[in-house]
Structures are given as structure tokens and as C-alpha cells.
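The residues making up each chain are set out below.
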Amino acid sequence: MRNLRRISSGWYLVVMVVASTGFLGCVEDRSSLTIMRNTIPSSDCTLDSAGSEFRSMGWLDLSETAFSDTFAQAPQYLMYPVVQNNLISTLDQGTGTELNVMEIKEARIDLALGDISGEYPDLAFKFPVFVTLLPGEMAALPVVVIPPQVASQLAGAVQGIPDYQPIVRVKLKFLYQLGIREKESHQIEFPIVLCDGCLLNIGGYCDSGLFSELNHTGNACNYVQDAQVDCCLDNGGGVICPAVDTSSLE
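Here goes a summary of the coordinates provided. Everything numeric in this text was worked out from a predicted model, so none of it was measured.

## Examining the overall build of the protein chain
Consideration 1: What the protein chain contains, in helices and strands, is two helices and 14 strands.
Consideration 2: Across the 250 residues in the protein chain, those meeting the buried criterion constitute 40%.
Consideration 3: The long-range fraction of contacts in the protein chain, counting pairs at least 24 apart against all pairs at least 6 apart in sequence, stands at 70%.
Consideration 4: When the accessible surface of the protein chain is summed, it comes to about 13,800 Å², and 53% of that surface belongs to carbon and sulfur atoms.

Dropping the structure here:
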């Protein structure tokens, strides 16, 4: 009987270890919501969460041209993070209802200015987003990480100093709802180089005959970030980006 008790106790211990190991085998990833990468939008500014392209560093042109009254877009910087719900579906466990649906509610941003001197308010802020992710689903979310009011404050640090290109580090995470609880994702850091005139190429007037072909067509989502764009001036002095050849027009 004593040996039987030992065997039974040993078997009980093995069962417990196996059960625990099986349970641990279903442990979720290091974060239920993972920020996978900062994707690159297509030429028509659409986003593909399944695409493999990504950007590891950004550029933002804060030249006087970018703040001109005739410029089409307010200077700002947008990231396009791809997020994924890493949770395991509860439907496979016979619940009848998916309990691991995740609702992403907002992006939380904090800007680190490095060696940029001066006082800058509003460097920690929230940006509203909303997407619902089923287990295993991904989505690409446009997020303004340097809004126009912050861009205008930072412009003074680089305007008139062409060789000065400081780096702002964006610290980004997401708030999401899972059941009755709110949680935060892990945080990533994304560097953005600030510059004066590194992206906007003003090549003269649009009717000069110089713009039949463009070498740089820019970022269709935001012409002051990440890619060079050839621009021209209309007869009223307005900035047109990308440049439009009007030399053949009467």
C-alpha cells in the first residue's frame, strides 16, 4: 500500500506538471497588442497592414515654405503603425462568443527632443483612433505624432540653420479595451529628423517650362515628410507641390 501511495502521488504530480505545462503552452505573447512596424503608404496614400515595407526613421521639413499661407497642408508628421491582436480565439474553447475582441481607443505619444534647446509645452498628448481587432487580426493606423502646433514650435529650432538636423524621438503606445478592462500596449520609439528645406524643392514658376517631368513626386499623404518633392510657384506666388507644368496653357 505504501508503494501504491507513492506511485499514486507520483502520478498525481506528473498530471499536475503536464497540466501546468499545457496551460503555459497557451500563454499569450509578451503583449496582447503588438506594434509590428511603421508601414509605408502607397502612392495613392492607402495603407496595407499585410505589406512588408516599413520605415525605420522619418524626416520632417520645417522650412518657411512649409508654413506659407499658400501651402496646401499644415506641417505635421504622421506615422502608420501596424498593430496586431495576439490573443487566442476563445471560440476554439467552445465559448460560443469571441471574448478576445480588442478595441483600440487611442494612441499615447510622448516626444523626446534630445539636444533641442528651449521650452516646449504639449510634448505628451493623445490621438484618438478606433479599430476593432479579432484574435490574429492586424490593422494599419494613421497617427499624427507631431501635430501642427508642435511643428510650428519646433520650426524655430531649425529654420535658417540648414546643417542643423536634430532628432525627435517619438515614444508611442496604444490604449485598448479588452472586456471590462483598459490596457496599454508596449511602447516603441521612432526617430524623426527635423530639417530646413531638405524635402521641398522650389524650382521656379509653374509656367517656366521646367516641369514637364518630375524627379521627385513626394509623399502623397504629407508633402513635408519622408520624401523629396519638386514644387513650383504659380503666378500669384502660391506653392504647388508636386509641381504642375502650366507652360502650355493659354
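## Concerning helix H2 (residues 148–158)
Consideration 1: Turning to H2, its buried residues number three or more, namely Val150, Ala151, Leu154, Ala155, Ala157 and Val158. Looking straight down H2, one finds its buried side chains confined to an arc of 150°; they lie on one side.
Consideration 2: In this structure, the buried side of H2 is in contact with strand S5 (102–112), strand S8 (143–146), strand S9 (167–178) and strand S11 (188–195).
Consideration 3: Count one or two residues on from H2 and you reach Gly160, which has phi positive near 85°.

## Focus on the packing of aromatic side chains
Consideration 1: Scanning all chains against the criterion turns up one aromatic pair.
Consideration 2: Ring plane angle 40° and centroid distance 6.2 Å describe the contact between Tyr77 and Phe190, whose orientation is recorded as tilted. Placement of the pair is Tyr77 in strand S3 (residues 77–79) and Phe190 in strand S11, with a sequence separation of 113 residues.
Consideration 3: The buried category is assigned to Phe190, whose relative accessible area is 4%.

## A short note on the pattern of salt bridges
Consideration 1: Within this structure, the stated rule accounts for six salt bridges.
Consideration 2: The shortest N-O distance in the salt bridge between Lys105 and Glu182 comes to 2.6 Å. Here Glu182 lies in strand S10 (residues 181–184) and Lys105 lies in strand S5, a separation of 77 residues in the sequence.
Consideration 3: Exposure remark for Glu182: the relative accessible area of 46% places this residue in the partly exposed category.
Consideration 4: Among the salt bridges present, the one from Glu184 reaches Lys173, with a minimum N-O distance of 3.1 Å. Taken together, the positions of Glu184 in strand S10 and Lys173 in strand S9 put the pair 11 residues apart, joining distant regions of the chain.
Consideration 5: Taking relative accessible area as the criterion, Glu184 reaches 35% and is therefore assigned partly exposed.

## Brief notes about the side chain of Asn38
Consideration 1: Looking at the element boundaries, Asn38 is found in strand S1 (residues 33–38).
Consideration 2: Residue Asn38 is classed as buried on the basis of its relative accessible area of 7%.
Consideration 3: A distance of 2.7 Å separates a polar side-chain atom of Asn38 from the backbone nitrogen of Tyr80.
Consideration 4: Ignoring anything within four residues of it in the chain, the contact list for Asn38 reads Glu53, Phe54, Arg55, Met79, Tyr80, Pro81 and Phe190.

What counts as what
Residues numbered from 1 in each chain as written. Predicted model: local features only at pLDDT ≥ 70, side-chain atom pairs only at ≥ 80, totals over all residues. Heavy atoms only, no water. Helix = DSSP H or I, 4+ residues; strand = E, 2+ residues; numbered from the N terminus. Buried < 20%, exposed > 50% of the residue type's maximum accessible area, 1.4 Å probe, protein only. Contact = heavy atoms within 4.5 Å. Areas by Shrake-Rupley, 256 points an atom, 1.4 Å probe, with all protein chains shown as cover. Arc of directions from axis to C-beta. Phe/Tyr/Trp six-rings, centres within 6.5 Å; stacked < 30°, edge-to-face > 60°. Salt bridge = Lys/Arg side-chain N within 4 Å of Asp/Glu carboxyl O. Polar contact = N/O pair within 3.5 Å; in protein donor to acceptor, adjacent residues only side chain to side chain.

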